[in-house]
Amino acid sequence: MVGLPRLVIAAPASGHGKTTVATGLMAALSRAGHQVSGHKVGPDYIDPGYHALATGRPGRNLDPHLVGEHRLVPLLLHGARGADLAIVEGVMGLYDGQIGGDGFASTAHVATLTRTPVVLVVDISHASRSIAAVVQGMIAFDPSVRIVGVILNKAGSPRHATEVVSALESTGLPVLGVLQRDDGIVAPSRHLGLVPAAERADAAHALDRLSAQIADRVDLARLLELARSAPDLDAEPWDAAAQVSAPSDRRPVVAMAGGRAFTFRYTETEELLRAAGCDVVTFDPLLEDALPVGTAGLYLGGGFPEVHAAGLAANEPLRSALRTAVDSGLPTVAECAGLLYLCRTVDGSPMVGALDADAVMTSKLTLSYRTAIVPADQLGGSAGTRVTGHEFHRTTVTPAAGEPAWLVEGRPHGFGSATLHASYLHTHWAGHPHIAQRFADAVHAHDPTTARREIQVRAKRGHTPARSAAEAEPRGRPEAWAWHGDKELAPGLVDFAVNIHDDVRPAWLDDALRSSLDDIGAYPDPAAAEHAIARRHSRAVEEVLTTAGAAESFSLIARARPWRRPVVIHPQFTEPDAALRAAGHVPEHVLLDADNGFTLEPGRVPHDADLVLIGNPTNPTSVLHSAHTIRDLVRPGRVVAVDEAFMDSVPGEQHSLAGAHLPGLLVVRSLTKLWSIPGIRAGYVLGSRHLLDDLRTQQSPWSVSTQAIAAMVATASEQGQAEAARRTARIAQHRAVLTDGLTELGIPFVAPSAPFVLARISAHARLRSAGYAVRRADTFPGLDGSWVRIAVRRPDTTRKLLATLRIEGPWS
């Protein structure tokens, strides 16, 4: 028996606010320190995306039509591994299921199968006492469904809410909360429902607001009591490794489409492919011009290619590469959006063209459960195999089928062959693991000539061959790379050298650090910090790795792989160079031009560089590169590590890639600077789980201290982010005092975005003699003694420095 506190969030009908309340509850409980597992009744892809944003864990589906009744509890337990409780969002009305199925696949059906208590969300905006009759009817309709509470949504006023609460006393159900009308927390919609969280730049901010409202207006303690009343479950968690097997010792690459255009896929699909011995690499068809190196299989899931048709069409290099790969027999599965992408056109925009078909938008919504049969032996299965799935689209494809992938109600559907399976039908591979096994078998058997072809294409585009170690010797003086700002300090000198914020630490941070001393008798466990950071950046927990500051991060990156051609973009913090050399690599440098404002030009980076490191905003130049420009560095076969140690000092963290899910991207963060805690080595790396796994294998056990963990948890909180915003605003104000003064003195400087300014002034020695420590810049590759870096300080301190510069001048 397995204990799992859990609740189903249901409603009398669609439109009552299930998604809003369920997602808000997941977020509020997660922010209260609980590990919450989010689930969705039915086949929907979009709601689980919001669940993942709220919990930091993958959102998962529970659908008896797609996976079978017997798999629901094992899949629930699998998704909730390591969680304190599970929140299951219902579908439509509580008792609404498959048409003609007598409630099959309804929320009530899933609640009964999983023995989960139900909380009703009821929109009361158009009624008062009648709400009690509705709720009483929901209770009486099927006594086997255990309804344990009500949350009232869209109350017009306190008097209105009181009237409804009073009437509900007759039902015997507790009212767990009352939410007022607030359109500001309703997610925007699109022709297939809500806009996916991955496509909403404001999603994390909106979720923070929703979480705060739920925490304020819902009795979370009582809710948890009801969740804990759920009975234990007599089942074992589902395990992908028990469903499939790896046919060889190789780990061929399956390229899985992602990004804004392809957001629809079930988490278990990737888990099954990995269990079947494949390495799944996500690529973004909007951004990347080639398949991942070594691709031996292609998975194109669902999404909105019709919305992003112009962007997909503009990426002609990838469309051409995909057409060649599919035509040459690359095992390919394409569901719905993937089907459209493989067509010649979508609404007239050119697509891949691997299928002799065209797609257009229509006004008709196709939304239905299906049962399909494989008509002949092919990639999708053996002849006669019966599968369940669903359709969900407003497009049509002409012709609707070639050699069919399925027979649906006796009619041919989609396109199928020994190497291609493309159709509108969405299937959940946990319910049909033979599909995953058959696809994985084909991937393992495929001769990965795609990798060789991709290399040839890159060579034709002018990619530079790898240089020898001797040719790769970087410019600069390696013996000076260990020079950092703290070495400038000495008794009696005013510190303008170290980029540590000079404000006092907040009392709550000091309290957290002191309290952490109570835990130093145990080995440190970074799980709490990684969950807090995941919530802050709207990422899965597996996409966060805590480190002993950015310096350890660079060391882990340097040792993670046998880099062939690592490149560091300079001027830049020199620790990445030192880490690479310590790991036995000889990094090359790309030097940015001072006359061009140290602007990044991605085309100057060697095409075959497999590791690129860059700061943003960059130390020491204080230049903030655009997110778009940084994204242009990302390409298949390359890891791009962005040092965002000073990004938390940029208002709104503009141009940060901390929340970007790009293959091959690592983002390095540090707490040292903004929070004034250089003595506590606290940092983290964000990236894909499988890329971070390479770093984890290099990390020493317990390298992140208990105090560092406490600092990360505290600063990632809502209180911490509010204080960070205040500190960032003060830094901008204080920096203006410095830059205005330098301008008045005629001292040139680089337009700054970080808490320091790079000024062109040969003043290091003279200022030191006058009692001021500034950071020499000649230790940075690409700079010389005519530059100094000046840290931002309080206005009164800065004015004294400016007065000294005026006295010591002229500086031209």
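See the structure shown above.
The rules behind the values
- Residues numbered from 1 in each chain as written.
- Predicted model: local features only at pLDDT ≥ 70, side-chain atom pairs only at ≥ 80, totals over all residues.
- Heavy atoms only, no water.
- Helix = DSSP H or I, 4+ residues; strand = E, 2+ residues; numbered from the N terminus.
- Core = buried A, V, L, I, M, F, W, Y, C linked by side-chain atoms within 4.5 Å.
- Buried < 20%, exposed > 50% of the residue type's maximum accessible area, 1.4 Å probe, protein only.
- Contact = heavy atoms within 4.5 Å.
- Axes fitted to C-alpha atoms, helices over the stretch in contact; angles between N-to-C directions.
- Parallel < 35°, antiparallel > 145°, perpendicular 65-115°, else oblique.
- Left-handed = near helix turned anticlockwise from the far one by under 90°.
- Nonpolar A, V, L, I, M, F, W, Y, C, P; charged D, E, K, R; others polar.
- Pairing = 2+ DSSP bridges.
- Disulfide = S-S within 2.5 Å.
- Polar contact = N/O pair within 3.5 Å; in protein donor to acceptor, adjacent residues only side chain to side chain.
- Salt bridge = Lys/Arg side-chain N within 4 Å of Asp/Glu carboxyl O.

> Outline the environment of valine 165, supporting the account with residue identities and numerical values.
Of note, valine 165 is situated in helix α7 (residues 158–168). For valine 165 and aspartate 632, which are 467 residues apart along the polypeptide, the C-alpha to C-alpha distance reads 56 Å.

> Give me the nonpolar core: which residues, what numbers.
One recurring pattern in soluble globular proteins: nonpolar side chains tend to sit buried together. Grouped together as the largest cluster of nonpolar side chains are 76 residues, with contacts concentrated most on Leu94, Val118, Leu120, Ile147 and Trp429. Here tryptophan 429 is in contact with Thr269, Leu272, Leu273, Tyr299, Val333, Glu335, Ile435, Ala436 and Phe439, once residues within four sequence places are set aside. Judged by nonpolar contacts, the second largest core, of 53 residues, contains Val544, Val623, Ile630 and Leu665.

> So, the packing of helix α23 (residues 718–745) against helix α25 (residues 795–808): which residues are in play, and what are the values?
When two helices pack together, their arrangement is given by the angle between their axes and by how far apart the axes lie. Close contact between α23 and α25 brings their axes to 9 Å; oriented N to C, the two are set at 15 degrees. Overall, the two elements α23 and α25 adopt an arrangement that is roughly parallel. The crossing of α23 and α25 is right-handed. Contact residues: His734, Val737, Leu738, Gly741, Leu742, Glu744 and Leu745 in α23; Pro795, Thr798, Arg799, Leu802, Leu805 and Arg806 in α25. Residues belonging to the contact of α23 with α25 are distributed by class as follows: seven nonpolar, three polar and three charged.

> Could you give an account of the sheet that holds strand β10 (residues 253–257), with specific residues and numbers?
The sheet built from six strands is open, its strands ordered β11-β10-β12-β13-β21-β20 with mixed pairing. Looking at which strands have only one partner, the edges of the open sheet turn out to be β11 (279–283) and β20 (415–416). In terms of strand pairing, β10 meets β11 through five bridges, oriented parallel. Residue pairing across strands places alanine 255 opposite valine 281, the latter belonging to β11.

> Tell me what's going on with the state of the cysteines, and back it up with residues and numbers.
By definition, a disulfide is the covalent link that joins the sulfur atoms of two cysteine residues. Within this structure, the stated rule accounts for zero disulfides. No disulfide involves cysteine 336; its nearest neighbouring cysteine sulfur is the one of cysteine 343, lying 11 Å away. Overall, the relative accessible area of 7% leaves cysteine 336 in the buried class.

> An account of the side chain of threonine 23 is needed here, citing residue identities and associated values.
Among the secondary structure elements, threonine 23 is positioned in helix α1 (residues 18–31). A polar side-chain atom of threonine 23 sits 2.8 Å from the main-chain carbonyl oxygen of threonine 19. Setting aside residues up to four positions removed in sequence, threonine 23 forms contacts with Lys18, Tyr50, His51, Ala54, Leu207 and Leu210.

> How would you sum up the pattern of salt bridges? Please name residues and give values.
If you walk through the whole model with that rule in mind, you get 33 salt bridges. The salt bridge partner of arginine 726 is glutamate 723, with a shortest N-O separation of 3.0 Å. With arginine 726 and glutamate 723 both in helix α23 and three residues apart, the pair spans about one turn of that helix. Under the relative-accessibility criterion, arginine 726 is labelled partly exposed at 43%. Given a relative accessible area of 10%, glutamate 723 falls into the buried group. When the shortest N-O distance is used, the salt bridge between arginine 776 and aspartate 778 registers 2.7 Å. Arginine 776 sits in the partly exposed class, given a relative accessible area of 22%.

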